Structure formats: structure tokens, C-alpha cells
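# Chains, contacts and geometry: an overview
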Amino acid sequence: MTSPERIAAGEDIVRTARSLFSRRLTHGRTGNLSVRVRQGILVTPTGSSLGTVTAEQLSLVDARGRHLDGLPPSKEAALHAAVLRARPRARAVVHTHSTHAAAVSCLAGLDPDNALPPLTAYFAMRVGRLPLLPYYAPGDRRLARAAEEAARLGPAVLLRNHGPLVAGTSLATALDALEELEETARLFLLLKGMPTRPLTDAEQAALTPPAQRAARRSAPPPREGSELTVLDRNSENHPGSATAQAPAEDDPAQHSVTLFSALAVRKALDEVVLPAFTRSTGVAVNAVFDPTAQLVRRIDAGQPFDVLIGVTDSFHPLVRRRLVAPDTLTALARTGVGLAVAPGAPRPDISTRSALVATLRAARSVAYSRTGASGRYFAGLLDDLGIADEINARATVIEKGFVAEAVVDGRADIAVQQLSELLFVPQADIAGPLPEEVQHYSHLSAILNTGSTRSPAARALLAHLRGPLTAEAYTDTLLEPTAEG
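Residues numbered from 1 in each chain as written. Predicted model: local features only at pLDDT ≥ 70, side-chain atom pairs only at ≥ 80, totals over all residues. Heavy atoms only, no water.

## A look at the sheet that holds strand β6 (residues 132–133)
Applicable threshold: Being paired, for any two strands, means DSSP has found at least two bridges between them. Runs of H or I in DSSP of at least four residues are treated as helices and runs of E of at least two as strands, each being numbered from the N terminus. For this analysis, residues touch if any pair of their heavy atoms sits within 4.5 Å. As a rule, the C-alpha atoms of each element are fitted with a line to give its axis, helices using only the stretch in contact, and angles between N-to-C directions run from 0 to 180 degrees.
The mixed open sheet is built from eight strands, whose spatial order is β4-β3-β2-β1-β5-β8-β7-β6. For this open sheet the edge positions go to β4 (67–69) and β6, each flanked by a neighbour on one side alone. Sheet topology note: the strand β1 (residues 32–37)/strand β2 (residues 40–43) ladder contains four bridges and is antiparallel. Counterpart to Ser 34 in the pairing with β2 is Val 43. Relative to the sheet, helix α6 (residues 171–191) contacts β1, β5 (92–95), β7 (156–159) and β8 (163–168), its axis offset from that of β8 by approximately 145 degrees.

Below you can see the structure in the form of C-alpha cells.
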């Protein structure tokens, strides 16, 4: 028997579908909609037109996008499910091929972190950041994985050579944001080639809800002249102490915490550290993973967070701007730079500086990222080795993410990245670390947002990141835990 909730959701989908089609925000058999219900996710079926779809034709899928009931679902069902997993408070997703947003998605030279500038206050408020996802064929599971990660940071994404996708607390909310996105894309195209004045960071920050701005203003400033100092873990008064308490069970405001984390520790966090924390405290962790430089950019743009894990040296500008609390700095681990090759490929000799140079010169292409700490170091190392022009002439430069994917899909013969990040692509074979004479270690620490120093959830997570379980997890993922003391 169909539940009243499912009937109402189906009627909502049909109304929204008709509206999208009649206003030419979708055409032909393009676009799809979904709504979360108790039984799963209700989604438009494959091959349907939003102008004629009926409630009886809708499909029901589970939280992974697998078909449960009704007609076969849209090939993008897994994409919808991934975005809803990333945004637990969202109830609906709208995906279209609307003309202007799709046109923008085809342009070269877009910022992958934010494809459209904040031309209006309404775009900044309703859409905000708009990441541009790599191109994958419709229905490709890799697209769903990319969207799930991007959707943790905001409700909207733009699919390259495809179109926009927006999540919301209701279909109406998602539709409002999608319309704002489409109109901003139209403005962007109309203004292309002319000088424009997007909203400044300060103007966007002024659109932040007053309570959030007040919390940030009320955060205590760092001591005059203070430097980043690793916490004394024997003190029971600082947030990173092993005696930090989990939040009270009856405090609903403390049932989640937002973590910004560098990619180097992602495998350890995803597989062991964060699940253990949630099991022991009941606190959900909304984790956002990116290179440290990208995380700093997010913080500069006013994106909210409670705990930051990153390369320690990168925290100094945040301390000076009073965005993080220096007395909560907690050293976690260090990681070195390594090389990976394609599955089954011979392991190259990288035992010495001269052997490394010969190996790099012999490679058809070397892949590295210029946004991560290891990539920036490697770019400088190529200069020091005197082979920068030669290697960069045929290098595969990755914007961000896990560079070893380039050796698995054949774009490069060698991938260079932090060892713990190479491990995240299990199909690749890790050849080993750089020789010690040219090795570079990134030291990773955790620190609290100045506005989160009194949050029991944030304090508990900070303590957990240096708990007894984490050292083994770090070691298992090719990180070297920082010694106690």
C-alpha cells in the first residue's frame, strides 16, 4: 500500500516537473527530480519527459540508488542518492540541462572550485559556491562519487558538459536555487568579455546569518605575538586533552561537528578514526576533504567549520586573522612524498637522487598536483634537480585529488604525491618514498575554529584525533604519528 507521504511526494514531483518543462528549464527527455521519503528516494523514471511524467510512473530507490519499486529509475538515480547522503538535511534534488547553465558548463578555463562568480546577492545566498565536477558520462558511478564529496560543502554543483544539480530542504527550495543559478549563468554569458564586479568577500560575508557573524566576532583573540604551539596533552583544561568530554546526550546542537581535513589523513579518518568517534560519542562528523591550501581558501570565504586538520605551517595566516585558536593546536602525524606506478608495472629505481632523476626522465609522463603540499614541493624539486622544463613539457598536472588515478587510467607512468594519498588508489602500485636526500615531510596538525572552542563536540573530536586508536590507523595508512609528549 502506498503511504500518504509517498503520494504527496509524487504529486510534488509531478507539479515541479511540469513547471520546469513549461518554462523551458528542461526539454525533451532531459532532467530528473527526486524526493527523500521514509521508504527510500522517489525519483523520475528513465527515459521520461518532465512534461508528461505521472506519479504512477515514479521509481523508488534505496540510499545507494538501487531500484526497489516502480518503473526503472533514471540513470542518474545514484547521483541523486549520493547528493542526499552528503546532505542529510536535504529532502529533494533537482537536475536539469537548462540552457545557460549547461552552456557555462561547456566553457574552458572555469574555476573548478567555483564555476560562477557571485554576481548578485541572491546567487550568493541561494547557491553560494558552485564546484565544477569533471566530465563523466551520464550514469557513471564516478560522477556520483565526485558529487557526493562536493555536495558536502554546498547545495549546488555544475556537471561539466552536462548541467546543474541542486539539493534543497524541499523541491521548492531546490527549484528556487536552480532558477537563481540559471539566471546567474545567463548574466555571466551576457557579460562575458566585459569587465564585471562580483561581490567581494566582505559583501558575501555580510549576507551570513547574524547569529553566525556574532559567534565569530565574540571569539577570543589570540595572545599578542602568539605563535603556533603544540598542546601539552597532560593538561586537562585544554580542548585537545585526552579528558575532553563528549557532548551531553540531551544537547541536540552538539550532535554534529564539521571537520575540514587535508587529503593526507583521509583514509585513516574515513576507515577508522571518524566511525569510531561517532560510535563512542553519538556525534556525526560532516567531513570535507581537500588540499590544505583549498581548505584555507574555504575558510577565507567564510565557510563554517569546527575543526581543521592540515599542514601546520599553513595555519599562521588563520591565526593572525583570529579564525583559529592557536592554543588548541594538536600535532597529529607527518607524511613523506612517494611515487606510484601503474598496476603490474616494473618498480623503478628511486633509491638515490641520481636514480630518481633517471626514472623521471624515462617516464612518458609524470603526474602531480600543484594545489597540494606535496605537489608544490615536487614542482620546486624539479627546479632543484634541473629537469623542470623537460618533465613539465609532458607532465600530467592534476588540479586536486588523488594523483595515482592518472597511472591507473593510463594518463601517466608515474604519480607523485604524499604516500598516504597514493594509498587511497589501491589499484596503483606504490614504488616507495623519495630518497631521503630529497625527501620532504608535511607535518599535520588539528586546530579549532575560534568560535568552536567551547563546543563539547569539537573538543571531543580534537581529543579523539590524538587518542590511542588513531596512532595505529595513521601508521596503517603510511603516516608517522607524532610522538606523545
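We are not done yet, so read on.
## Quick word on helix α18 (residues 468–476)
Note the cut-off: For every residue, the accessible area obtained with a 1.4 Å probe (protein chains only) is divided by the maximum for its type, and the residue is called buried under 20%, exposed over 50%, and partly exposed between those limits. When we speak of the arc, we mean the arc of directions from the helix axis to the C-beta atoms.
Considered for burial, the residues of α18 that qualify are Thr 470, Ala 473 and Tyr 474. The arc that holds the buried residues of α18, viewed along the axis, is 100 degrees, so those residues lie on one side. When the buried face of α18 is taken as reference, the exposed residues oriented beyond 90 degrees from it are Pro 468, Glu 472 and Asp 476. Contacts made by the buried residues of α18 are with α9 (266–281), β12 (330–341), α17 (456–464) and β18 (480–481). A positive backbone phi angle near 65 degrees is found at Leu 478, which sits one or two residues after α18.

## Some points on the pattern of salt bridges
Stated precisely, the cut-off is as follows: A pairing counts as a salt bridge when a side-chain nitrogen of Lys or Arg comes within 4 Å of a carboxyl oxygen of Asp or Glu.
A full pass over the atoms with the stated rule returns 21 salt bridges. Salt-bridge contacts for Glu 5 lead to Arg 38; the nearest nitrogen and oxygen are separated by 3.5 Å. A residue pair is termed long-range when its members are at least 10 positions apart, and Glu 5 in helix α1 (residues 4–22) and Arg 38 in the loop between β1 and β2 qualify at 33 residues. Given the relative accessible area of 76%, Arg 38 is considered exposed. With a shortest N-O distance of 2.9 Å, Arg 85 and Glu 148 are connected by a salt bridge.

## Some words on helix α12 (residues 353–362)
What α12 keeps buried is the set Ala 355, Leu 356, Val 357, Thr 359 and Leu 360. Packed against the buried residues of α12 are β12, β13 (366–369), α13 (373–385), α14 (388–392) and β15 (414–418).

## Quick look at the pairing of β13
The two faces of β13 match: Val 366 and Tyr 368 on one face and Ala 367 and Ser 369 on the other face are all buried. Pairing analysis gives three bridges linking β13 to strand β14 (residues 396–398), with the strands arranged parallel. Each bridged residue has a counterpart across the sheet, and for Tyr 368 the counterpart in β14 is Val 397.

## Concerning the nonpolar core
When a protein is soluble and globular, its nonpolar side chains tend to lie buried together. Basically, it comes down to this: The criterion is simple. A nonpolar core is a set of buried Ala, Val, Leu, Ile, Met, Phe, Trp, Tyr and Cys residues joined through side-chain atoms within 4.5 Å.
With 48 residues, the main nonpolar core has Val 257, Leu 259, Leu 269, Val 307, Leu 461 and Leu 465 as its most contacted residues. Counting 36 residues, the second largest nonpolar core, distinct from the first, contains Ala 9, Leu 50, Leu 60 and Ala 115.

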